[in-house]
Amino acid sequence: MTDAPLGTYADTWRRSIDSPEDFWMEAAQGLEWTTPPRAALEQRSETDWTWFPGGRLNTSYNALDRHVIAGRGAQTALIYDSAMTGTRISLTYLELLGRVAKFAGALRANGVGTGDRVIIYLPMIPEAVIAMLACARIGAIHSVVFGGFAANELAVRIDDARPSVIVTASGGLEPGRAVEYLPLVQKALALSAGSVHTVLVRNRESIPGSAADYADESVSWLDWADEEDNAAPADPVSMASEDPLYILYTSGTTGNPKGIVRDNGGHAVALAWSMRNIYNISPGDVYWAASDVGWVVGHSYIVYAPLLAGATSIIYEGKPIGTPDAGAFWRVIEDYKVKVLFTAPTAVRAIRRVDPDLAELARYDVTSLTSLFLAGERLDPETFHWANDGLHCPVVDHWWQTETGWAICANPLGIEALETRPGSATVPVPGYEIDILDSKGHKVKRVGKDGNIAIRLPLPPGTLLGIWGSAERFQSAYLSAFPGYYATGDSGHFDDDGYLYIMGRTDDVINVAGHRLSTGSLEEVLTLHPAVAECAVLGVRDALKGQRAAGFVTLKAGATINHDTLARELVALVRENVGPVAAFRDVTILDRLPKTRSGKILRKTIRQIVDGEPYTVPPTIEDPTVLDDLIHAVTASAHKASAETARTKTAVTTAPQH
Ligand code: COA
Ligand code: AMP
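- Going by what an unreviewed UniProt entry lists, the protein is known as Propionyl-CoA synthetase and is assigned to Cryobacterium roopkundense.
- In its Sequence similarities (unreviewed entry) section, the UniProt entry covering the protein states "Belongs to the ATP-dependent AMP-binding enzyme family."

What about the packing of aromatic side chains?
Piece 1. Scanning the entire structure with this criterion turns up 29 aromatic pairs.
Piece 2. Their ring planes at 75° and their centres at 6.5 Å tell us that Trp24 and Trp51 sit as a pair that is edge-to-face. Of the two residues, Trp24 is situated in helix H2 (residues 20-28) and Trp51 in strand S2 (residues 48-51); the sequence distance between them amounts to 27 residues.
Piece 3. Since its relative accessible area comes to 6%, Trp51 is described here as buried.
Piece 4. Ring geometry for Tyr316 versus Phe329: centroids 5.9 Å apart, planes at 85°, classification edge-to-face. Of the two residues, Tyr316 is situated in strand S17 (residues 312-317) and Phe329 in helix H11 (residues 328-336); the sequence distance between them amounts to 13 residues. Just as Tyr316 is buried, Phe329 falls in that class too.
Piece 5. In this structure an aromatic cluster arises from ring pairing among Phe23, Trp24, Trp33, Trp51, Phe52, Trp273, Trp406 and Tyr432.
Piece 6. It is Arg157 that lies over the ring of Phe149; its NZ or CZ is 4.5 Å from the centre.
Piece 7. Here Arg421 stacks its cationic end above the ring of Tyr499, 4.0 Å away from the centre of that ring.

As for the nonpolar core
Piece 1. Of all hydrophobic cores here, the largest spans 112 residues; its most connected members are Val167 and Tyr301.
Piece 2. The greatest single-element share of this core, amounting to 10 residues, is contributed by helix H5 (residues 126-138).
Piece 3. Among the nonpolar cores identified, the runner-up in size contains 32 residues, and Ala328, Phe329, Leu341 and Leu361 belong to it.

Remarks on the site of ligand 1
Piece 1. Taken together, 25 residues form the shell around ligand 1, and within it Glu174, Arg177, Lys545, Arg575 and Arg585 come nearest.
Piece 2. In the environment of ligand 1, an oxygen atom lies 2.7 Å from a nitrogen or oxygen atom belonging to the side chain of Arg177.
Piece 3. Within the contact set of ligand 1, an oxygen atom lies 2.8 Å away from a side-chain nitrogen or oxygen of Arg575.
Piece 4. Burial of ligand 1 by the protein amounts to 85% of the accessible area it has alone, namely 940 Å².
Piece 5. Secondary structure elements with two or more residues in the shell around ligand 1: strand S10 (177-180) and helix H12 (345-354).
Piece 6. Top contributing element to the shell around ligand 1 by residue count: H12, with three residues.
Piece 7. Class assignment of the residues belonging to the shell around ligand 1 gives a composition of 12 nonpolar, six polar and seven charged.
Piece 8. There are two domains that each give the shell around ligand 1 at least three residues, and those are domain 1 (9-318 + 398-492) and domain 2 (513-653).

As for the UniProt feature "domain: Acetyl-coenzyme A synthetase N-terminal" (unreviewed entry) in the protein
Piece 1. The UniProt feature table records "domain: Acetyl-coenzyme A synthetase N-terminal" (unreviewed entry) at residues 9-63.
Piece 2. For residues 9-63, the helix share is 44%, the strand share is 20%, and the end-to-end C-alpha distance is 27 Å.

Looking at helix H17 (residues 603-611)
Piece 1. Residues of H17 that are buried: Thr605, Ile606, Gln608, Ile609 and Asp611.
Piece 2. Count one or two residues on from H17 and you reach Gly612, which has phi positive near 70°.

Things to note about unusual backbone geometry
Piece 1. A cis amide bond links Thr323 with the next residue in sequence, Pro324, at an omega value of 5°.
Piece 2. Among the secondary structure elements, Pro324 is positioned in the loop between S17 and H11.
Piece 3. Across the junction of Leu457 and Pro458, the peptide omega takes the value 0°, indicating a cis bond.
Piece 4. Turning to its location among the elements, Pro458 is positioned in the loop between strand S24 (451-456) and strand S25 (466-467).
Piece 5. A positive phi angle, close to 55°, is found at Leu358, a residue other than glycine.
Piece 6. If you check the backbone angles, Ala583 has positive phi at about 45° while not being a glycine.
Piece 7. Inspection of the secondary structure puts Ala583 in the loop between helix H16 (563-577) and strand S32 (586-590).
Piece 8. The exposure class of Ala583 is buried, given its relative accessible area of 15%.

Regarding the sheet that holds strand S19 (residues 371-374)
Piece 1. Read from one edge of the open sheet, seven strands run S5-S4-S17-S16-S18-S19-S20, paired in mixed fashion. Here the strands that pair on one side only, and so sit at the sheet edges, are strand S5 (88-92) and strand S20 (395-397). With direction set aside, neighbouring strand axes in the sheet form an average angle of 20°.
Piece 2. As defined by bridge partners, strand S4 (residues 76-82) adjoins S17 across five bridges and the pair is classed as parallel. Bridged to Ile79 within S17 is Ile314.

Points about the domain arrangement of the protein
Piece 1. Each assigned domain of the protein is listed with its residue range as follows: domain 1 (9-318 + 398-492) and domain 2 (513-653).
Piece 2. With centres defined by C-alpha atoms, the gap from domain 1 to domain 2 works out at 34 Å.
Piece 3. Each partner contributes to the interface: domain 1 provides 18 residues, whereas domain 2 provides 14 residues.
Piece 4. Carbon and sulfur atoms make up 45% of the area that domain 1 and domain 2 hide from each other, which totals about 1,200 Å².
Piece 5. In this assembly, domain 1 and domain 2 are joined by two salt bridges.
Piece 6. Between Arg516 and Glu403 there is a salt bridge; the shortest N-O distance is 2.8 Å.
Piece 7. Counting every contact that joins domain 1 to domain 2 gives six residue pairs in polar contact (both at pLDDT 80 or more).
Piece 8. Of the residues assigned to the side of domain 1 that touches domain 2, the class counts are four nonpolar, 10 polar and four charged.

Here's the deal with the pattern of salt bridges
Pairs can form between side chains of opposite charge whenever their charged atoms are close.
Piece 1. All chains considered together, the criterion is met by 40 salt bridges.
Piece 2. Here Asp380 ties to Arg349 by a salt bridge, and the two come within 2.9 Å at their closest N and O atoms. Residue Asp380 is found in the loop between S19 and helix H13 (381-391), and its partner Arg349 is found in helix H12; the two are separated by 31 residues along the sequence. We note that Asp380, like Arg349, is buried.
Piece 3. Each of the salt bridges in this network shares a partner with another, and the network as a whole consists of Arg38, Glu42, Arg44 and Asp48.

Procedures and definitions
- Residues numbered from 1 in each chain as written.
- Chains lettered and ligands numbered in written order.
- Predicted model: local features only at pLDDT ≥ 70, side-chain atom pairs only at ≥ 80, totals over all residues.
- Heavy atoms only, no water.
- UniProt positions renumbered as here; feature names shortened; annotations may be inferred.
- Phe/Tyr/Trp six-rings, centres within 6.5 Å; stacked < 30°, edge-to-face > 60°.
- Helix = DSSP H or I, 4+ residues; strand = E, 2+ residues; numbered from the N terminus.
- Buried < 20%, exposed > 50% of the residue type's maximum accessible area, 1.4 Å probe, protein only.
- Lys NZ or Arg CZ within 6 Å of the ring centre and 35° of its normal.
- Core = buried A, V, L, I, M, F, W, Y, C linked by side-chain atoms within 4.5 Å.
- Near = heavy atom within 4 Å.
- Polar contact = N/O pair within 3.5 Å; in protein donor to acceptor, adjacent residues only side chain to side chain.
- Areas by Shrake-Rupley, 256 points an atom, 1.4 Å probe, with all protein chains shown as cover.
- Nonpolar A, V, L, I, M, F, W, Y, C, P; charged D, E, K, R; others polar.
- Domains from an automatic or database assignment.
- Pairing = 2+ DSSP bridges.
- Axes fitted to C-alpha atoms, helices over the stretch in contact; angles between N-to-C directions.
- Contact = heavy atoms within 4.5 Å.
- Buried area = accessible area lost by both parts, 1.4 Å probe.
- Salt bridge = Lys/Arg side-chain N within 4 Å of Asp/Glu carboxyl O.

What follows is the structure, encoded as structure tokens:
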């Protein structure tokens, strides 16, 4: 990368790269270790390293007990605000510690020990935070599964993590409907191989279903409240720095999600450091990540980082719009004097679409807000300008991944507020050394030219320890493409001043409303339909969600199914197998898919046509007339979609029959 003279930030970044041992050892002093680490970094080989070897600590102790012991037990740790039910609950550090210790005791009473896995399938209620910290307290490894996934996805995660216990609730609330979790858990248990012996159920008044309804011979279904009430509080267990804290599954290029493993020591150090230096948050400040605990943003910035930093965190059950209106976020900021808000660009685009003049904002006092951080997907310059002008506080686009657990590039407001540049995620965060590489792994010499974004090894603390159950997959998925580097799977470029621009993925991962999905896994589901011969799923441009998944299918010879029926069945199949979160609604039925003479589907060309971008007909194309059919179908789709109401939300298009 270019060595731009960026003042204090530049000095800090340089020190983190030249003297990582001193840099991170200093950062580690902010935490309480039961055994201090003998070094910050132990590097055994280029691809094998440990942060804080010999160090022992407990993450839940550092997030809770440490602050209570320091005299801040009466400070608010967690605010639960449900726009869905109107409930508001505040828990002080002392109260949260009490509930976490008791629930940790309940887990232990149900046979959960150090190193055991616990799946947490909970909506946005305080119990999600309590369950995660309770696992951390007793050294159990949690794996949170997002509520918008179907039973099948839950089953895949159960089979991979092999948990003994599942912690869940009667359900979650989406606008206009309750999502009952217990039938989904039951189905997932039936589909999976049988490691689970206990399901702990949190009852929610508004949603039917309780543990008592699910008595089962092989699995004990127990009531959370009874178990918590009857449990003896558990003390924190001292964990080795590199012991796993959690597994979080994310989409890869295949249908099998990758279980990203996070450690205890490096994670706690990096997250605490990030709160001060990236977000400029001090103990007592109110920090709100409007995400979901099922995603990495929720893990890092609803649960762990704010509490490690002694701040107040908000768990918000609701949407940016419609619960009840586009002023929902501003109301929360006013009510709790939020200093920093972190959300996804989609949320901002949703507010803008409904309230372009920010009329709702005028109803609230949001002067407590000092910055808005956005991540999870590309922040388009239009949305950046709209938010920046309307909110009168810095809007920071920052870039990171489930794998890294915290920002790779950001404007580090706690170190130095750099100039923001629309379209750029600003500069590499201290600890990350980034190069742009060509396909052969050579550094791209020309500034401004896109290439593969790669991070030099070793990765800084807080990043992934590996992939659960497969050391080999970590190497092959991330470390072997460019020796000496971690391949991010993103492409982009630096400008002359060292600002990084993220331009897109280099693989089949797409990003829908900040949710990462694998087109490969969607294709696997479409091919389950007996009438489908071939298919391709692509991420096409979407004005609200950044991208959406669009499916292109051909029928098996002799299949006579009505095209509208097929489209509806395919949409239902994805919802059933992957979940509503895939938001899969676009199906185009073609006679043939555009392919090269060697049989490769021309995905890029299809995407360019759908997105209305200029394209050139590839010289290797098998039959150029197939593109005419595609264009015809896409044009018909555009007309049909605009004519269709949101009633079915399904767009089906059909190529001319020959
Ligand atoms: N449990 C069950 N279902 C869920 C769910 C959950 N936790 N979260 C979403 N869903 C469902 C929705 O109800 C919707 O179902 P539907 O097809 O029956 O309407 C579907 O999944 C798609 O949800 P979503 O992508 O949220 O779209 P939406 O049209 O309901 O809402 C926005 C649009 C913009 C309001 C919404 O996408 C949003 O708030 N985005 C912010 C992005 C964000 O926070 N990303 C997190 C990463 S930082
Ligand atoms: P996830 O692991 O779900 O957080 O998704 C990570 C991916 O989201 C990254 O690899 C990027 O492709 C994309 N992403 C995250 N943040 C940004 C950003 N600020 N700008 C552009 N893309 C982003």
